Amino acid sequence: TIAARHTQYSHAKTGGFSQEAPTLHNPYRDDPILDRVLRRLLPESQYVKVSADLTKFGDRITSEIEHLGRQAELEQPRLEHQDAWGKRIDKLVVCNEWQKLKQICAEEGVISIGYENDVDPFVRRIHQVAKLFLFSPSAGLVSCPMAMTDGAVKTLTVGILYSLNLYGKHKLATEAVDRLRSRDPTSAWTSGQWMTEKKGGSDVAGGCDTYAVQIENDTYRLNGYKWFSSAIDADVALTLARIVDSDGNAVEGSRGLSLFLLRIRDDNGNLNGIQMVRLKNKLGTKQLPTAELLLDGAIAERIGEPGRGVAGISNMLNITRIHNAVASLGYMRRFPALFSFLFKCSFSRIISLARDYSTKRVVFGQTQVKYSKWPLHTTTLAKMEVETRGSMLLLFESARLLGLSEAGKSSDVDAMMLRLITPVLKLYAGKQAVPLVSEGIECFGGQGYMEDTGLPTILRDAQVTPIWEGTTNVLSLDVLRVFSGKENILLAFGKRVSQLLSNTKSEEPRLQKSKESIESALKELQKLLVKASDSAVQGETRIDTVARHISFAIARIYSGALLIDHASDSTVANQSDIEVAYRYCCEQPLIDLRWEWFANERVKSDRAIVFDNYLG
Ligand code: UCC
Ligand code: FAD
């Protein structure tokens with residue numbers, strides 16, 4: 001019949017239920033502890049201003065930025081090498097959303113907030129880190145050029161250990177600083193950071209095969225090949241090269257490296273002796289244009305003393321490493337927040353379905369009804385939350401210490417702690433982010449694995465945070481570099497931890513127990529390190545093989561002490577702050593380090609395990 005033929009063309013029946021998507025709330029107002037951390041750290045009048053800015057920015061994230069960041073992932077950058085007529089153009093095409101995100105960064109002052117003259121540096125760095133933390137997981141990786149831009153401003157102005165102090169003294173550096181920290185999107189610049197070459201990214205000195213031939217005074221011509229260069233739509237870059245003397249020789253090793261500042265394009269948009277060889281085909285960070293660059297006579301200005309390139313660019317590294325931790329924590333925070341929202345909000349919709357389902361669905365021999373609150377799932381989320389909070393307080397400690405140093409108000413202990421916790425924070429948060437985000441993906445079940453939810457992007461992007469800006473091992477060795485300096489870092493660390501513990505709320509037994517746990521872990525670490533340095537003299541032990549474990553212990557002891565300090569402040573803390581401190585400090589090991597791991601002999605057994613049945 002006609003009617004029967006008609007139904008052949010009816011819509012497929014796919015069932016009446018579809019899952020309501022998770023909604024992103026204002027990430028500032030929705031964050032469990034950020035507001036309380038700021039209340040504690042900032043003077044009241046400043047807190048009010050910062051909080052108002054973050055509330056407004058949080059609304060902008062949900063209404064505008066989140067969408068732009070997602071589009072930047074979907075419309076990835078591409079490189080056109082030639083025009084239709086075969087002329088080499090190396091045209092980088094980025095989407096409008098990427099451009100718009102860069103404009104927003106300027107307007108919102110994500111860099112300039114860190115440098116505003118009329119604000120106490122202590123306040124401005126905390127404000128900036130809080131803003132970046134909200135921005136980062138929605139930023140479509142524009143957070144990467146922002147990190148390098150901040151690092152460039154720091155390097156060109158007043159560095160922490162080795163200061164170039166070029167602002168107002170060097171023409172290009174002064175223009176760059178003004179534009180890199182500008183709030184005007186029409187004139188704002190961003191910076192790149194080109195250190196890695198084919199032979200090495202960790203071992204920068206061993207890898208650097210870029211040569212600088214003097215044209216006149218501080219102006220040089222650079223030739224080399226930069227193997228990873230991110231955010232290649234930047235305006236300027238800081239890079240390293242070896243100066244070739246008049247006999248055609250250059251100094252090998254670290255002492256042969258000098259620091260250069262260059263413009264990537266001229267005012268007409270022509271590349272400055274640079275060819276973009278290809279864009280990297282990456283696991284993640286696909287929004288971000290990362291290229292291999294051939295420097296073929298790029299004109300650059302030497303900044304800083306010849307041979308002091310690594311010390312100079314370390315100013316940049318120490319800033320970008322804090323940004324990297326911001327990104328790791330941003331990814332971590334986004335997951336619990338998204339997921340808890342999914343449940344809170346979806347109950348009203350799915351509760352009738354869920355109730356009915358729970359009387360019918362049998363799991364492990366029982367109907368689900370008894371477990372309608374899914375306590376195991378809540379436990380999973382609580383564990384993620386405890387981990388995230390510990391490192392979040394460490395991040396804000398780094399912002400506090402950076403601000404103090406820029407305000408010229410650091411005590412000796414503050415200065416040492418800033419140098420120590422910068423690599424510790426970066427390596428620890430980066431290492432936490434990947435498993436934590438992976439757990440977050442699992443929380444969404446199969447949906448977490450689906451590209452169109454946008455969730456897999458977070459896992460891919462999180463995986464870069466332990467790699468770039470120094471891998472976990474390399475940063476652990478940097479921690480040992482800090483310990484090998486002239487100052488007694490171990491003593492300073494002990495002092496800072498004791499200072500934090502001295503505020504512990506006495507009437508709260510869980511905090512008292514937490515304090516004891518931190519004290520005992522600290523003592524254990526001190527004992528092992530002192531013993532190791534004594535026996536190292538006799539050649540029986542080595543410390544580099546346990547550098548990671550030492551760094552992780554520092555991260556956990558420091559974070560635990562910060563959690564106790566936070567939970568002891570009755571003006572802001574609540575019961576869950578106390579519980580989080582207790583779980584962090586007492587329910588999992590703070591230190592995972594054994595004396596036998598220091599033994600020289602162990603290296604042989606490691607090698608035997610690794611190369612067992614090796615065919616190469
Ligand atoms: O990956 C990159 C960009 C990615 C995109 C940006 C993302 C930002 C986050 C975004 C969030 C979304 S750029 C490439 C990053 N590359 C690295 O991080 C390199 C990793 N390797 C290292 O860190 C190594 O430890 C090196 C390269 C620093 C080692 O070099 P040397 O030459 O062997 O080191 P030396 O000889 O020990 O140190 C030379 C000088 C010393 O000072 P003096 O000479 O005064 O004794 C050191 O104390 O540099 C000083 N120094 C430092 N100073 C070395 N490291 C530091 C430091 N971290 N802070 C202060
Ligand atoms: P390698 O140094 O070859 O390391 C390999 C392994 O050896 C690692 O596990 C490492 O931990 C370990 N290792 C190395 N040295 C030691 C040691 N002494 N002791 C123990 N273990 C060690 N670089 C830039 O300069 N600018 C950029 O803009 C930039 N963007 C990037 C973007 C992306 C997406 C990525 C992935 C990388 C980018 N990089 C950039 C490069 C990045 O900084 C390097 O890849 C990183 O520093 C590691 O260097 P490598 O790749 O040479 O690794």
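Residues numbered from 1 in each chain as written. Chains lettered and ligands numbered in written order. Predicted model: local features only at pLDDT ≥ 70, side-chain atom pairs only at ≥ 80, totals over all residues. Heavy atoms only, no water.

Engineer: Could you clarify how one ought to interpret the overall build of the chain in this entry?
Structural biologist: For the chain, the count of helices and strands is 18 helices and 11 strands. The C-alpha radius of gyration computed for the chain amounts to 26 Å, which stays within 12% of the reference 25 Å derived for 616 residues, consistent with globular compactness. By its C-alpha atoms, the chain is 85 × 80 × 65 Å across when sized along the principal axes. In the chain, buried positions account for 52% of the 616 residues. Entry remark: accessible area of the chain is about 29,000 Å², with carbon and sulfur atoms responsible for 52%. Computing the positive centroid from 76 side-chain charges and the negative centroid from 73, the chain places the two 4 Å apart. (Helix = DSSP H or I, 4+ residues; strand = E, 2+ residues; numbered from the N terminus. Rg over C-alpha atoms; globule rule 2.2 N^0.38 Å. Buried < 20%, exposed > 50% of the residue type's maximum accessible area, 1.4 Å probe, protein only. Areas by Shrake-Rupley, 256 points an atom, 1.4 Å probe, with all protein chains shown as cover. Lys, Arg positive; Asp, Glu negative; His and termini not counted. Charge placed at Lys NZ, Arg CZ, Asp CG, Glu CD.)

Engineer: Could you clarify how one ought to interpret a nonpolar patch on the surface in this entry?
Structural biologist: Residues Ile609, Val610, Phe611 and Tyr614 make up a contiguous nonpolar surface patch of about 480 Å² in total accessible area. Looking at the secondary structure, you find Ile609 in helix H18 (residues 602-610). Exposure remark for Ile609: the relative accessible area of 63% places this residue in the exposed category. (Patch = residues over 30% accessible without salt bridge, like charges linked within 9 Å, V, L, I, M, F, W, Y side chains within 5 Å. Salt bridge = Lys/Arg side-chain N within 4 Å of Asp/Glu carboxyl O.)

Engineer: For this particular structure, what's the right way to read the site of ligand 2?
Structural biologist: Taken together, 21 residues are adjacent to ligand 2, and Gln193, Thr196, Gly201, Ser202 and Thr471 come closest. Gly201 has a polar backbone atom sitting 2.7 Å from an oxygen atom of ligand 2. Measuring from an oxygen atom of ligand 2, one finds a backbone N or O atom of Ser230 at 2.7 Å. When contributions to the shell around ligand 2 are tallied by element, the ones reaching two or more residues are strand S3 (191-194), strand S5 (219-230) and helix H13 (472-483). (Near = heavy atom within 4 Å. Polar contact = N/O pair within 3.5 Å; in protein donor to acceptor, adjacent residues only side chain to side chain.)

Engineer: Please clarify how the pattern of salt bridges should be interpreted in this entry.
Structural biologist: Between side chains of opposite charge, pairing is possible as soon as their charged atoms come close. Enumeration according to the criterion identifies 43 salt bridges in this entry. We note a salt bridge from Arg179 to Glu175, for which the minimum N-O separation is 3.0 Å. Placement of the pair is Arg179 and Glu175 together in helix H7 (residues 171-180), with a separation of 4 residues, close to one helical turn. Classification of Glu175 by relative accessible area gives partly exposed; the value is 32%. Between Arg321 and Asp478 there is a salt bridge, with its nearest N and O atoms 4.0 Å apart. Of this pair, Arg321 sits in helix H9 (residues 309-360) while Asp478 sits in helix H13, and the two are 157 residues apart along the sequence. The same class applies to Arg321 and to Asp478, which are both buried. The structure contains a network of salt bridges with shared partners spanning Asp31, Arg36, Arg333, Glu385, Arg389 and Asp577.

Engineer: For this particular structure, what's the right way to read the environment of Lys171?
Structural biologist: Among the secondary structure elements, Lys171 is positioned in helix H7. Taking C-alpha positions, Lys171 is 30 Å from Arg419, a pair spaced 248 residues apart along the chain.

Engineer: Explain the site of ligand 1 to me, please; I cannot follow it from the model alone.
Structural biologist: Neighbouring ligand 1 are 30 residues; Ser254, Arg255, Arg308, Asn318 and Arg321 lie closest to it. Side-chain polar atom of Arg255 to an oxygen atom of ligand 1: 2.8 Å apart, as the coordinates give it. The backbone of Gly470 places a nitrogen or oxygen atom 3.2 Å from an oxygen atom of ligand 1. Coverage of ligand 1 by the protein amounts to 80% of the 1,200 Å² it exposes when considered alone. Counting residues per element, the ones that place at least two in the shell around ligand 1 are helix H6 (143-156), H9 and H13.

Engineer: Sorry if this is basic, but what is going on with the packing of aromatic side chains here?
Structural biologist: Here the distance between the centres and the angle between the planes together describe a pair of aromatic rings. Applying the stated criterion across every chain yields a total of 8 aromatic pairs. Ring centres of Phe493 and Tyr558 lie 5.8 Å apart, and the angle between their planes is 50°; this geometry places the pair in the tilted category. Of the two residues, Phe493 is situated in helix H14 (residues 489-501) and Tyr558 in helix H16 (residues 547-567); the sequence distance between them amounts to 65 residues. Residue Phe493 is classed as buried on the basis of its relative accessible area, which comes to 0%. Judged by its relative accessible area of 0%, Tyr558 is buried. Taken together, the ring pairs connect Tyr225, Trp227 and Phe228 into an aromatic cluster. Lying across the ring of Trp227, Lys280 places its NZ or CZ 3.4 Å from the centre. (Phe/Tyr/Trp six-rings, centres within 6.5 Å; stacked < 30°, edge-to-face > 60°. Lys NZ or Arg CZ within 6 Å of the ring centre and 35° of its normal.)

Engineer: Please clarify how empty space enclosed by the protein should be interpreted in this entry.
Structural biologist: Empty space among the atoms can be located by rolling a probe the size of a water molecule over them. Tallied over the entire structure, the rule returns 4 cavities of 30 Å³ or more. Lining the second largest cavity we find Ile160, Leu161, Asn318, Ile322, Leu402, Leu418, Arg419 and Thr422. Elements represented by at least two residues in the lining of the second largest cavity include exactly H9 and helix H11 (412-443). (1 Å grid on protein atoms, 1.4 Å probe; cavity = no way out; pocket = protein on both sides within 12 Å on 5 of 7 lines; lining within 4 Å. Points joined across faces, edges and corners; volume = space filled by probe spheres on them.)

Engineer: How should I be thinking about the side chain of Asp90 in this particular structure?
Structural biologist: In this fold, Asp90 is placed in strand S2 (residues 88-93). A relative accessible area of 2% means that Asp90 is categorised as buried. Beyond its immediate chain neighbours, meaning those up to four positions away, Asp90 contacts Leu79, Glu80, His81, Arg265, Leu271, Ile274, Gln275 and Met276. (Contact = heavy atoms within 4.5 Å.)

Engineer: Can you help me understand helix H3 (residues 44-74) in this one?
Structural biologist: Residues three or four positions apart in an α-helix share a direction because the helix packs 3.6 residues into each turn. Its 31 residues place the ends of H3 42 Å apart at the C-alpha level, agreeing with the 45 Å of an ideal helix rising 1.5 Å per residue. The sharpest bend along H3 comes to roughly 55°, located at Ile61. (Expected span 1.5 Å × (residues − 1). Bend = angle between axes of the 7 residues up to and from the residue.)

Engineer: Looking at this structure, I do not really get the nonpolar core. What am I missing?
Structural biologist: Nonpolar side chains tend toward joint burial in soluble globular proteins. Ranked by internal contacts, the top residues of the largest apolar core, which has 166 residues, are Leu38, Leu156, Phe396, Phe493 and Leu525. For this core, the element with the most residues is H11, which contributes 15 residues. With near-sequence residues (within four places) excluded, Leu156 lies in contact with Asn165, Leu166, Tyr167, Ala173, Ala176, Val177, Leu180, Leu238, Leu261 and Ile303. (Core = buried A, V, L, I, M, F, W, Y, C linked by side-chain atoms within 4.5 Å.)

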